[in-house]
Amino acid sequence: MGIGGIGGLDREAHVAEGTGAAAAPRTLAEALRARGDEGLAALLRARPDLLNPVPNDLTQLATRAGTRGSVVRALERLDRFALQTAEALAVAPDPAPYPVLLALLTGDEGDPVIEDALPGAVALLREQALVWGEDDRLRLVRTARELLSPSPQHPSPTGLGPTVAEATSGMSPGRVQEIIATAGLAATHDPVSAVAALTGLFTDRTRMGALLDEAPPEALAVLDRLVWGPPYGEVTANPAPPVRWLRDRGLLLPVSARTVVLPREVALHLRGGRAHRAPEPVAPEVAVLREHRPQVVDGAAAGQAYTALATVEELLKSWDKGGPQVLRAGGLSVRDLRRTAAALDVTEPVAAFWLELCHGAGLLASDGEADERYAPTPAYDTWLDLPPAERWARLVVPWLASTRTPGLAGGQDAKGRALSALGPDLDRAAAPEVRHRVLGLLATLPPGAAADPETLFARLRWERPLRGSAAGPAGPGHSGSGSGSGGEEGAGPAVPDDLRSRLARWSLAEAELLGLTGRGALAAPARALLNLPLAEAASPADEGGGVEESVAAERAATLLAPLLPEAVDHVLLQADLTAVAPGPLRRPLADALAVLADVESKGGATVYRFTPGSVRRALDSGLAASDVHAFLAAHSRTPVPQPLAYLVDDVARRHGHLRVGAASAYVRCDDDTVLGEILADRRSAPLGLRRLAPTVLAAQADPAALLDGLRAMGYAPAAESAEGDVLVTRADAYRTPARTAPVPVPDGPPAPDATLLHAAVRAIRAGDRAATAVRREPAAPAPAGSLPRTSSAETLATVQAAAMTGSAVWIGYVNADGAASQRVIAPVRVEGGFVTGYDHTADEVRTYPLHRITGVAELADD
């Protein structure tokens, strides 16, 4: 239908209202009052911010639903077509009949796809109380209209400008008469009728076509540049003839001395009646990039899951004695992040991800000391004792819910301050929603199929076009901020580097690192974790919907366990002083070998190297040379090589020959020639040594520094206690005090459960009945807005009669704090100066002192 029918349809709607639409709601509160309980529950579920606190009645609910903050939040959660529908209503007459709205979205040519999708979009806007009224009088809530309507400060996302009436509101009557005369219209007696005549011309397709046929080609070119927005243009004091021709006929109207605007009616005619250049009624499909066999995907994901466990263990084991210092502003320094990345052999962004993953899982925290450092928490030791699949689940479950975004590390905040890994400013409330949605969209593809990332991002932008933009619905530059319907619609959808798209890219990469996906496709354990149906589900019990989070994590771990490589209890010793682990080692063997040897290379088969320092480390932990030989012989599938046996014996022979204790520190040795060699060595000068006796040297350095210094000189000293016994240096790890995992930053109020929704709807209904109950007029009516006033005897008699008949009454009540209120109660017992009854306002049974009741009135029979 053409846009020229707007005025006629609007008049028809007014006539219908006057003749037979008496029951049509006049306000949003009345529209909500006409809803059933399910409709109210749907509104509160979609907009949980309306529940905090629970509104007293439907009028308060409607008022809260129209506040700016709540409306902005609701608009941000609309998909692209629902938002385009709201934008079209914002430029339509208020109220707008449904055919007018349809014409704005389909244009003159019509579009069956839009016609099929529009009822669902209108129903969604109605459900969320952004639109109310019947189809013949659709109204956008006032706040949403203000946010989405065109204005010079905030151009409309449709690219349309003001109407003729709005653009000529400050124009002199004489100038308006000049315009309509130049346009070929008859003069009128007042500006209002003149504006109406000009509007009628622009909305009449036939006459408007004839007028544009007379326009010079250069003038039509000017209109072409403004038709899809922005509708404002700058002109000189003496505009060119084409612009003057348009201005004289009102096709361009002056906004200021140097600015003109294309009226909305003209733009709609040039657009063929469409409010948007490219309506998007259907969500874009997520395309398949490549396909693999599901078994291949699960195997690749399991391999990456094992790598993730090994990486986390390696990272935290390297910080067993205490990690880097915490910056004064919080977080990890760039230098320490770079060192961590080098130790893990990954890039700095990936290192930041592993750090944030450990922090989010509660395995890593700051110790809280004066010289604050990062260190593993006691929960890390508990985590190590779990089976590998359960350890994996303990990592991915917190990741899904975490609002931490390690991808931001290394960037800057809005004030130009650097964002550091583990710092306080990396929380983004939208991150969990994006992660779940990315994995959910991957789950819609056939098993083993990897998604095309660009189509995935396009789908996410369609679902939440406003969520990723820095500006809100009324923010600057909104026309290009992602609604896909802005004044620069020809430039395409939202910029692909908005926050939501970046979160999606990071989610894909992190899911691959964690083993939730393999080769870009969703693996079976990830489906179980998300409570999604499994590809091989054979019974309804396997469908997973509604399973609790802990049960879902257990199911995911169960699916992953058979895919992980099995731990081995042996190594292969080689003559070059190395040991090859043909697979993941069992925990006791891995811990013992980590003390006795150093990791040389990692991969499918880890290579360990034995050095004098590593063997000495084992001897310092309390092992004897015989213990080391027995350990190697018991856990090697190959004979112990002779060079390795010689290395162990040689280090053991020299271990403990020197003894270091506290003086500040001292060195004693039964062989005085060894002490003489140490004193003669120039490298011992920093230790401040001097001979106290033939077998004793005193040092100015502390025992730890003395041990390190002598070892650096090639000796193998042992520490001793005050009693002269050798101190055994256990490989005990430093741990922080007990720490809880960081709590995600909520993205607004939590979604209410069914119990809360049921209770809230009952309370709102009860309060609304109390607020709208019809009262029987007393003999002497009280002033408007005041509480009823009756004598004590009248109050007692009325409530007693109500208790006998089971009817409800309206009371005025003043509590102990002096606060007055009105309530509707159904008395059930009156005794001892108190009345007990069901309070419809509070939706519960209460007892009120009679002396605090200011008055009582019976309700009307209706």
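Heads up: the structure comes first, above all this text.
How each quantity is defined
- Residues numbered from 1 in each chain as written.
- Predicted model: local features only at pLDDT ≥ 70, side-chain atom pairs only at ≥ 80, totals over all residues.
- Heavy atoms only, no water.
- Pairing = 2+ DSSP bridges.
- Helix = DSSP H or I, 4+ residues; strand = E, 2+ residues; numbered from the N terminus.
- Salt bridge = Lys/Arg side-chain N within 4 Å of Asp/Glu carboxyl O.
- Phe/Tyr/Trp six-rings, centres within 6.5 Å; stacked < 30°, edge-to-face > 60°.
- Buried < 20%, exposed > 50% of the residue type's maximum accessible area, 1.4 Å probe, protein only.
- Core = buried A, V, L, I, M, F, W, Y, C linked by side-chain atoms within 4.5 Å.
- Axes fitted to C-alpha atoms, helices over the stretch in contact; angles between N-to-C directions.
- Parallel < 35°, antiparallel > 145°, perpendicular 65-115°, else oblique.
- Contact = heavy atoms within 4.5 Å.
- Nonpolar A, V, L, I, M, F, W, Y, C, P; charged D, E, K, R; others polar.

K.L.:
In this structure, what is going on with the sheet that holds strand 3 (residues 232–234)? I would like to understand it.
P.N.:
Backbone hydrogen bonds are what pair the strands of a sheet, in a parallel or an antiparallel way. Across the sheet, which stays open at both edges, the three strands sit in the order 3-5-4 with antiparallel pairing between neighbours. Each of the sheet's edge strands pairs with one partner strand only, and the pair in question is strand 3 and strand 4 (253–254). The sheet contact formed by strand 3 and strand 5 (residues 259–261) spans three bridges and is antiparallel. Note that in strand 5 the partner of G233 across the bridge is V260.

K.L.:
Even after reading the chapter, I still don't get the pattern of salt bridges, so can you show me in this structure?
P.N.:
Should the charged atoms of two oppositely charged side chains come close, the side chains can pair. All chains considered together, the criterion is met by 38 salt bridges. R175 is the partner of D248 in a salt bridge, and the nearest nitrogen-oxygen pair spans 3.9 Å. In this pair, D248 sits in helix 15 (residues 241–248) while R175 sits in helix 11 (residues 173–182), placing the two residues 73 residues apart along the sequence. A salt bridge links E313 to R391, with the nearest nitrogen and oxygen atoms 3.6 Å apart. Here the residue E313 occupies a position in helix 17 (residues 294–318), and R391 occupies one in helix 21 (residues 388–401), the gap between them amounting to 78 residues. Residues joined in a network through salt bridges with shared partners are E313, K317, R391 and D591.

K.L.:
Honestly, the packing of aromatic side chains in this entry has me stumped. Any pointers?
P.N.:
For the structure shown, the criterion picks out three aromatic pairs. Taking the centre distance of 5.0 Å and the plane angle of 55° together, the rings of F353 and W354 count as tilted. The same class applies to F353 as to W354, namely buried. With 6.1 Å between their ring centres and 25° between their planes, Y380 and W383 make a pair best called stacked. Of this pair, Y380 and W383 both sit in helix 20 (residues 378–384), three residues apart, which is roughly one turn of the helix.

K.L.:
Explain the nonpolar core to me, please; I cannot follow it from the model alone.
P.N.:
The tendency in soluble globular proteins is for nonpolar side chains to be buried as a group. Within the largest apolar cluster, 93 residues are counted, with the highest numbers of intra-cluster contacts made by L44, L61, L75, F202, L251 and L252. The element best represented in this core is helix 6 (residues 80–91), accounting for eight residues. Of all hydrophobic cores here, the second largest spans 67 residues; its members include V396, A431, A443 and L503.

K.L.:
Please explain the pairing of strand 25 (residues 853–858) as it appears in this structure.
P.N.:
On a regular strand, each side chain points to the face opposite its neighbour's, so the side chains alternate between the two faces of the sheet. For strand 25, the buried fraction is high: five of the six residues fall into the buried class. Across five bridges, strand 21 (residues 809–814) lies against strand 25 in antiparallel orientation. Bridge pairing in strand 25 places Y813 opposite I853.

K.L.:
Any chance you could explain the packing of helix 6 against helix 8 (residues 112–127) here in plain terms?
P.N.:
When two helices pack together, you describe them by how their axes are tilted relative to each other and by the distance separating the axes. At a minimum axis separation of 9 Å, helix 6 and helix 8 run at an interaxial angle of 80°. With respect to helix 8, the axis of helix 6 lies roughly perpendicular. From helix 6, F81, A82, T85 and A86 reach across to helix 8, where they touch I114, A117, L118, A121, V122, L124 and L125. Across the contact of helix 6 with helix 8, the residue classes break down as 10 nonpolar, one polar and no charged.

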